[in-house]
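Inside the fold
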Amino acid sequence: MSFAPLQNDTFLRAALRQPTSHTPIWLMRQAGRYLPEYKATRAKAGSFMGLATHPDFATEVTLQPLERFPLDAAILFSDILTVPDAMGLGLSFGEGEGPRFARTVHDEASLESLHFDLESLRYVFDAVTSIRKALNGRVPLIGFAGSPWTLACYMVEGKGSDDYRAVKTLLYRRPDLMQRLLDLLADAVAAYLNAQIDAGAQALMLFDSWGGVLAHDAYQRFALPASRRVLAQLKKTGADGQRVPHILFTKGGGLWLGDMLDSGADMLGLDWTLDLGRARAQVGDRVALQGNLDPMLLFAPPEVVAAEARKLLDSFGRPQRADGGWGGHVFNLGHGISQHTPIESVAALVEAVHAHSRALR
């Protein structure tokens, strides 16, 4: 598969701890409801699933934030629940509601009924290729998936949850069943992400959005090994022969930062509860770090946003070490951007990150 040469590889270089001229920045959920043009495209598509399952619409909304801001990466417009949807659970999005599944996994029979149909996700792979071609080498394209544990939460609960009672009950009462579900999901997620690489994705991110709700022992026994199983199966070379960085993000996972060092990820995402400088000292530049501004800070005045961005960059410090090595940092939020975020705050953030990180070098 032939794609245009990459003009800005700063994100990929930072993820692999190679020298960069500035700290790259992209934002989780950067293609989304805070942009009026996204709302207009969604109205044309008729629904969220109409957007996500139509490659032309997915391409349009993926590129929209890049037209406004000089971001250093694009991320595929999709949803983390595509994999369980391809297992026949009946995914839907009600107006003003979160995702729901028509069926849940709650016992032996419901687990046995799951059959992953990778080909049913062809619309995702077509979107990856379409986006990659539309980018025309401007910036790299990130593909992604939900982690096995996070997907299991939705599949057992049937929707989002405040207390995770159903999935934790299954975990504690039937750890054998939970392990089988996680193994099944890990292999499906790996196949799904590898297909994104084949379609043109240049980096991959595994979102363990709900890893932080687990007790310490449960995270160590179930969630982290499942993520490791995914990462161990991922291809390291893309459709164009270039190295594909792998990113693991566990929201609320700061306690396990050291344990994630041997997950197989090239870069670890951090939420806003961690001090970035301390996190870098803990990992010793063995992996790159991504993060970790509190998304709510974007509701402050633009000058405050810029000052906090500079403070965070100062916390990470100069990327080049005294021994000549390089510490990789990709600036991001600690979680997804809010739909109510003022656009001028995003512009101020991107400008401050680029300018101050160049000064630090």
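So, a few notes on the structure that sits alongside this text.

Analysis parameters
Residues numbered from 1 in each chain as written. Predicted model: local features only at pLDDT ≥ 70, side-chain atom pairs only at ≥ 80, totals over all residues. Heavy atoms only, no water. Phe/Tyr/Trp six-rings, centres within 6.5 Å; stacked < 30°, edge-to-face > 60°. Helix = DSSP H or I, 4+ residues; strand = E, 2+ residues; numbered from the N terminus. Buried < 20%, exposed > 50% of the residue type's maximum accessible area, 1.4 Å probe, protein only. Pairing = 2+ DSSP bridges. 1 Å grid on protein atoms, 1.4 Å probe; cavity = no way out; pocket = protein on both sides within 12 Å on 5 of 7 lines; lining within 4 Å. Points joined across faces, edges and corners; volume = space filled by probe spheres on them. Nonpolar A, V, L, I, M, F, W, Y, C, P; charged D, E, K, R; others polar. Salt bridge = Lys/Arg side-chain N within 4 Å of Asp/Glu carboxyl O. Axes fitted to C-alpha atoms, helices over the stretch in contact; angles between N-to-C directions. Left-handed = near helix turned anticlockwise from the far one by under 90°. Contact = heavy atoms within 4.5 Å. Expected span 1.5 Å × (residues − 1).

**Points about the packing of aromatic side chains**
- Enumeration according to the criterion identifies eight aromatic pairs in this entry.
- Here Phe-144 and Phe-207 contribute two aromatic rings whose centre-to-centre distance is 5.6 Å and whose plane-to-plane angle is 85 degrees, an arrangement assigned as edge-to-face. Taken together, the residues span a long stretch of sequence, with Phe-144 in strand S4 (residues 141-146) and Phe-207 in strand S5 (residues 203-208) at a distance of 63 residues. One exposure class covers both Phe-144 and Phe-207, and it is buried.
- Seen in terms of ring centroids, Tyr-164 and Trp-210 are 5.8 Å apart; in terms of plane orientation they differ by 50 degrees. Their pairing is tilted. Taken together, the residues Tyr-164 in the loop between helix H8 (148-157) and helix H9 (165-173) and Trp-210 in the loop between S5 and helix H11 (216-233) connect sequence positions 46 residues apart.
- Look at Trp-210 and you get partly exposed, because its relative accessible area is 22%.
- Three or more aromatic residues link up through ring pairs in this structure, and these residues are Tyr-38, Phe-48, Phe-77 and Phe-93.

**Some details on the sheet that holds strand S8 (residues 288-293)**
- The seven strands lie next to each other as S1-S4-S5-S6-S7-S8-S9, forming an open sheet whose pairing is parallel. In the strand order of this sheet, the two ends are held by strand S1 (74-75) and strand S9 (329-333), each with one partner.
- As paired elements, S4 and S5 share five bridges and run parallel to each other. Paired with Gly-146 across the two strands is Phe-207, which belongs to S5.

**Details of empty space enclosed by the protein**
- Evaluation of the coordinates by the stated rule reveals two cavities of 30 Å³ or more.
- Lining the largest cavity are 13 residues, and of these Thr-23, Phe-316, Pro-319, His-329 and Arg-361 lie nearest its centre.
- Taken together, the residues of the lining of the largest cavity sort by class into six nonpolar, six polar and one charged.
- Approximately 30 Å³ is the volume found for the second largest cavity.
- Looking at side-chain class alone, the lining of the second largest cavity contains four nonpolar, four polar and one charged residues.

**Section: the pattern of salt bridges**
- With the rule as written, the count across this model stands at 18 salt bridges.
- Asp-187 is the partner of Arg-229 in a salt bridge, and the nearest nitrogen-oxygen pair spans 2.9 Å. In this pair, Arg-229 is assigned in helix H11 and Asp-187 in helix H10 (residues 175-199), connecting sequence segments 42 residues apart.
- In this structure, Arg-228 engages Asp-262 in a salt bridge whose closest nitrogen and oxygen atoms are separated by 3.0 Å.

**Comments concerning the packing of helix H13 (residues 302-316) against helix H14 (residues 343-360)**
- One way to put it is that H13 packs onto H14 with a least axis distance of 8 Å and a crossing angle of 35 degrees. Crossing handedness for the pair H13 and H14: right-handed. Residues Pro-302, Val-305, Ala-306, Ala-309, Arg-310, Leu-313 and Asp-314 of H13 form the contact with H14, whose participating residues are Glu-344, Ser-345, Ala-348, Leu-349, Ala-352, Val-353, His-356, Ser-357 and Leu-360.

**Quick word on helix H7 (residues 122-135)**
- Spanning 14 residues, H7 covers 20 Å between terminal C-alpha atoms, matching the ideal 20 Å at 1.5 Å per step.
- Considered for burial, the residues of H7 that qualify are Tyr-123, Val-124, Phe-125, Ala-127, Val-128, Thr-129, Ile-131, Arg-132 and Leu-135.
- Taken together, the buried residues of H7 touch helix H3 (48-52), helix H4 (55-68), S1, helix H5 (82-85), S4 and H10.
- Backbone geometry just downstream of H7 places Asn-136 in the positive-phi region, at approximately 55 degrees.

Function cannot be read off these values alone, since they describe shape.
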